[in-house]
Structures are given as structure tokens and as C-alpha cells.
Amino acid sequence: MPQAPKILSDSADCIDGIVVENNNKVLKLIEDVTADADEVQRRVLSEILSRSANVEYLQRYGLNGCTDRETFKKVIPVVTYEDLKPDIERIANGDTSPILCSQPISEFLTSSGTSAGERKLMPTIEEELGRRSLLYSLLMPVMSQFLPGLDKGKGMYFLFVKSEAKTPGGLVARPVLTSYYKSSHFKNRPNDPYTNYTSPKETILCLDSYQSMYSQLLCGLFQNEDVVRVGAVFASGFIRAIQFLEKHWSLLCKDIRTGTIDSKITDPSVREAVMKILKPNPKLADFVEAECSKGSWKGIITRLWPETKYIDVIVTGTMSQYIPALDYYSNALPLVCTMYASSECYFGINLNPLCNPSEVSYTLIPNMAYFEFLPVTRKDELTGSISEPTALNDKEKQQLVDLVDVKLGQDYELVVTTYAGLYRYRVGDILRVSGFKNKAPQFNFICRKNVVLSIDSDKTDEVELQNAVKNAANQLLQYEASLVEYTGYADTSAIPGHYVLFWELSVKGSTLIAPSVFEDCCFTVEESLNSVYRQGRVCDKSIGPLEIRVVENGTFDMLMDFALSQGSSINQYKTPRCVKYAPIIELLNSRVISSYFSPKCPRWTAGHKQWCTQN
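Residues numbered from 1 in each chain as written. Predicted model: local features only at pLDDT ≥ 70, side-chain atom pairs only at ≥ 80, totals over all residues. Heavy atoms only, no water.

The protein chain is annotated in an unreviewed UniProt entry as Indole-3-acetic acid-amido synthetase GH3.6-like of Gossypium armourianum. According to the UniProt record, the Sequence similarities (unreviewed entry) comment for the protein chain is "Belongs to the IAA-amido conjugating enzyme family." (UniProt positions renumbered as here; feature names shortened; annotations may be inferred.)

Asker: Looking at this structure, how should I read the sheet that holds strand β10 (residues 346-349)?
Answerer: Pairing between the strands of a sheet is mediated by backbone hydrogen bonds and can be parallel or antiparallel. Pairing is antiparallel in the open sheet, where eight strands are placed in the order β9-β10-β11-β16-β15-β14-β12-β13. Both edges of this open sheet fall to β9 (339-341) and β13 (401-402), since each of them pairs with a single strand only. Taken together, the two bridges between strand β11 (residues 362-364) and strand β16 (residues 440-448) define a ladder with antiparallel strand orientation. Each residue of the ladder has a partner; that of Thr363, found in β16, is Gln442. Contacts from helix α6 (residues 127-143) reach β9 and β10, with the element oriented near 10° to β10. (Pairing = 2+ DSSP bridges. Helix = DSSP H or I, 4+ residues; strand = E, 2+ residues; numbered from the N terminus. Contact = heavy atoms within 4.5 Å. Axes fitted to C-alpha atoms, helices over the stretch in contact; angles between N-to-C directions.)

Asker: Would you mind showing me how to read the packing of aromatic side chains here?
Answerer: When we look at a pair of aromatic rings, we describe it by the centre distance and by the angle of the planes. Following the criterion strictly, the structure yields 23 aromatic pairs and no others. For the ring pair Tyr57 and Tyr423, a centre distance of 5.6 Å and an interplane angle of 15° mean the geometry is stacked. Of the two residues, Tyr57 is situated in helix α3 (residues 56-60) and Tyr423 in the loop between β14 (411-417) and β15 (425-437); the sequence distance between them amounts to 366 residues. Since its relative accessible area comes to 1%, Tyr57 is described here as buried. (Phe/Tyr/Trp six-rings, centres within 6.5 Å; stacked < 30°, edge-to-face > 60°. Buried < 20%, exposed > 50% of the residue type's maximum accessible area, 1.4 Å probe, protein only.)

Asker: I would appreciate a short explanation of the nonpolar core in the present structure.
Answerer: Judged by nonpolar contacts, the single largest core of 169 residues is most densely connected at Phe238, Ile301, Ile349, Phe371, Leu414 and Trp503. Element by element, the count of residues in this core is highest for helix α11 (residues 235-258), at eleven residues. When residues of this core are sorted by domain, at least three fall in each of domain 1 (148-308) and domain 2 (451-597). The residues touching Phe238, leaving out its near neighbours within four places in the chain, are Phe158, Val230, Gly231, Ala232, Ile301, Ile311, Val313 and Leu326. (Core = buried A, V, L, I, M, F, W, Y, C linked by side-chain atoms within 4.5 Å. Domains from an automatic or database assignment.)

Asker: Is there a simple way to explain the sheet that holds strand β8 (residues 335-336) in this structure?
Answerer: Across the sheet, four strands lie side by side as β3-β6-β7-β8; this open sheet has parallel pairing. Since the sheet does not close on itself, it has two edges, and those belong to β3 (154-158) and β8, each with one partner. Note: β3 against strand β6 (residues 227-234), five bridges, orientation parallel. Directly across from Lys154, in β6, lies its bridge partner Val227. Packing of α11 onto the sheet brings it into contact with β3, β6 and β7 (310-314), and relative to β6 it is tilted by some 120°.

Asker: What exactly am I supposed to notice about the pairing of β6 here?
Answerer: Along a regular strand, successive side chains alternate from one face of the sheet to the other. Here β6 lies mainly inside the structure; seven of its eight residues are buried. Summarising the sheet, β6 and β7 pair through four bridges and their orientation is parallel. Each residue of the ladder has a partner; that of Phe234, found in β7, is Ile314.

Asker: How do you make sense of helix α5 (residues 81-92) when you look at a structure like this?
Answerer: Along an α-helix, a turn takes 3.6 residues, which lines up residues three or four apart on a common side. For α5, with twelve residues, the first-to-last C-alpha span of 14 Å runs short of the 16 Å given by 1.5 Å per residue. Tyr81, Leu84, Asp87, Ile88, Ile91 and Ala92 are the residues of α5 that are buried. All buried residues of α5 lie within an arc of 145° about the axis, which places them on one face of the element. Positive phi shows up at Gly94, right after α5, with a value of about 115°. (Expected span 1.5 Å × (residues − 1). Arc of directions from axis to C-beta.)

Following this line, the structure appears as C-alpha cells:
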């Protein structure tokens, strides 16, 4: 995670002095860019448009080399991924002409948002790695204002790479964090107390999820007294690590006791890196064994890593469902969300990192990209989903406002123009203005537009879920049965979490429907969902088998009655495709007559289906 200043000496006094000096420089940088936010934004847009004056995309819309905001907004459309897809596919297929960006596209970053069941491909350039590293370098100086001494210990972060693929044109396509961890910015980072991790880079870069998790936990346990902060990218990933420990602690204790590595860890680079750290330590093994063998795992994090000051994970948006579990395992250590980023762009940081998770707000750093904001209205408080038209008319385009012109309390969809070739691109994130840092606004992350179900990095929208359910329900027709209504929720009461669908059926015939039929329906839904979901099921093991719960007839009439009792309008009510409100879930569960799980994992391969077909 955080990337901090270069440390050029091993002298403790010298290092302390450099750390303090760098922290002060970083804090002044934040002050400067937020105080002059509008001018910084103007310069950023001018620089992007000057560099890309001759690219095909901008010429197509007649920008003609202009770099001012007024002309840019007048002639360049506000777009979604589907609008850019033809140009992106040309680049993926090997067209090296300056289509979107004047600089060569170095790789594609695969977004966890999906398009036609596949990951979106976000073009990027080599220079963006430096920009991402810059944002990382802001995090720990901010954090150190609240918790001093973080440079005196180590961070135990569970970081992982994911599978990558190559486009037909030869460009690598991989998730943004995999790109960063494999870059020289991360692998060859200079000696620095803020990036002193318990996990050797070889354990992070190991593609085998079991070997990577096991070796990172082994190193973290062995260095337990040095750990001052722990974390992962998402809250779900950190909880998976704790539950992995719950399952494998006896093997880990054996390795600590003997100073060896379990035979299941076969990656030679991982074994070599871990053996540079590991030594026989029976006393530590006894301690870990005693703590892990106790009946309760409440507070296990502070019990095993007693110097831990906070947990660094994303707990905003759908990840908030994991907060109770994190509190349980950590004795309510502070949960810190440090930054806001995506495949499209790195956006901003949390300047008040010890705030309550429900109050997390991010300050957008004005020199990362050019930001615009489309006002939106929440339409469904019951589900948290926001649906906005894909195409904007001229009036709606004029409603977009600049960074410094947003209004406190208003919700907006984020629109970005980046150095890597996205122009007025709708990210799909809904943000609410919560305050200001100087002239720069601060935002609460509200939700992803249209997303109804999410467990980990998966994002399933309403249309995709509808199609998947339709494909599955068609299998019931031969039994004279049909689907009357459905809804779903993300069940995270166990790890890994899984999708639950409530189905109400109409059955005309007397033929009994075998459990295997409903299990096939579960599998068909999973097969119909996007590649991010299927990768979570097959490769990452971060999502459990999908479940269908069949409910009694009349259940969805009761659901409507409940919604109306809560103030919904009878004229505007429609069945929510996702429910999150606990009383509604309790109502649905009270009406369940049978339950079925997917019997096997869906198919998944790295890369887009059409690439695999061509190859």
C-alpha cells in the first residue's frame, strides 16, 4: 500500500529526520493543491488536451487543439465504457496509432465493473505508475499525524496478484493492483520505514492463492512483535486471511517451531524468501498455539499481534457489511480507509483516517486527473441502487459541474478526464459532498451505480442478474413451473460470502421437482454471471456457491405490503432486486420452504472469451 520517501542512510537519527522532513513536504503539497484546486484543475485539463491534441478521438469531435474548459465541455461528449468500446477494441487488437492518447498504451487495467459479462479494459500509460505512486506517498504522512511511531514497526498486509492475459495485439491486461505490485515502483522500492512489510515480495507475487496466503501468514506470525498495522485491500480479503489462519494454524505453528516450511509450499522463490526470515522458535509456536486453540477468536488480531494500532482496509460501500466481523476479530481496533482509487484513475485520500467507518470521506487530489460531477438523485433507498440514463441529453450535459463548484450534501456521479486517454468518462461511482479541504471538496462514497449484489470485488448489476435468473428459470418450464418473483442479497454471515436468491414459484402440474433441478438452476445463474464473479468462485475462492431459497406463495405480496408500510408509493413500487434491510431479510427467510446450492464451480479462464476463441 503506502509508498513513501527515499531513505538514504541507515542512521536512526538521519532516518527520523528524513521522515519528518518528507512528511512536512507531503502535508504542504496537500495544502497547496487543495488551496488552489480550481487553478490546478485548469492546468491539468490544459496539459492533457495539449499532449493529446492530435489524437483521433479528440479530432473526431472537432476540438481542434483547443485546451480551454469551455470549448472542451461544448464539443466533447460525456461517455460510458460502451461508447469507448470500439476504440478500445482497436487498441487491444493491435492498432498502435494515437487513437485515445498521444503516448503509447503500455497495458490495459481490467476493471471489476463489467461489460457484457467481461471485465472492462482501461487503457493506461507508463507514466500513470508514477502518478499512482505519488498518491500512495501521501498516505503515511497523513496517518502519522494521528498515530506517531508507525515508521518504527512493520505492516502486515495481505496482498495478492491475480491472473493476467494478453490481448490479440500483445498488450497485457490485468487488474490495477497486480500491475502495481509487479512494477519496479513496488518491487524495487527504496529502503523506507513506511513500506517495511512482513511479506517478502515473492510471497505477494505468487499466483497460487493458497501458497501466497500461507507464506504471508507464516511471515506475519513469525514477526508478530514488529507488526504495528495490518490490512488488505478489501475488508473481505482481510477476513479471509483470519479464517485461513483459523483453519491452518496448527501447520503454521509446526513451521514456526521447526523453522521449516510445509511441503505444500512448492514455489521455490517463495520457499527461499521465507527461509531468509524463518528460524526455529518453539516459544513463539507455543504462544500462537495457545491463543488459536482457545474457544473464542474474539480479539485474535490484538492477541497475536499486540502492537497493532489499526486495520487498513476498504470498508465503504458494499464492504461495510464486514465491519461487525472486523470489530469482533480485532476488539474494535480503528478501521482505516486510506484512499479512493479505481482502474480508471487514482482519485484521492482520507485526511481524517481515524474517523468512524460510516463517516469516511475522501479528498480528491486535484492534480490526479480532471474531475467533473453529474448531479444524481437517489431513487431507491431500500436497495441503495441508483439508476441513471446511459445517454445524457444536452440539458443533462450542461448540469455537470467542476470540482470546486459541487454543493454540500448533494450526490454526484464522478466523471473523469485522464492522462491515459479517457475524456469525460462516467466512472459509475456515486459520491456525496461531505465537506471541503480548503477549496477541494471531500466526498462520501455512496455506491456503485446499478450494482445490486457484491461480495468481494465482484459487481453484479440488475440487468445482468435479471438475465442470469431468466436463463435458470427457463429450466423449470418443462415441469409446468414458472418464476413469479425474485430478489436477492449478499450473505456474508460466513466466509466466503455468497449470493442468495429468493424465488417464488407458480406450479401448475403435480410433478415434484427434484432438488437436482434447482441445483442446476443455481449453476446456470453462476454460469451466466460476469467473469469477475466467476473468477472469485473458481480461482480466488472469495465467493461461495450461489444459493436459491424457494419461498411460500404470497411472500412477495407481503414484501410489497411491508414496503408500503414504510412509506413507499403504491404507484411507484416495484420489487427490489436486492434487499439489505434486516427486517426484510428476516421476513423472506421466515417464508423459506426449501434451499439449494450450486453443486460445482462455473467455468472461468483468464482473458476475454473472444481472445480465447481467436487463440
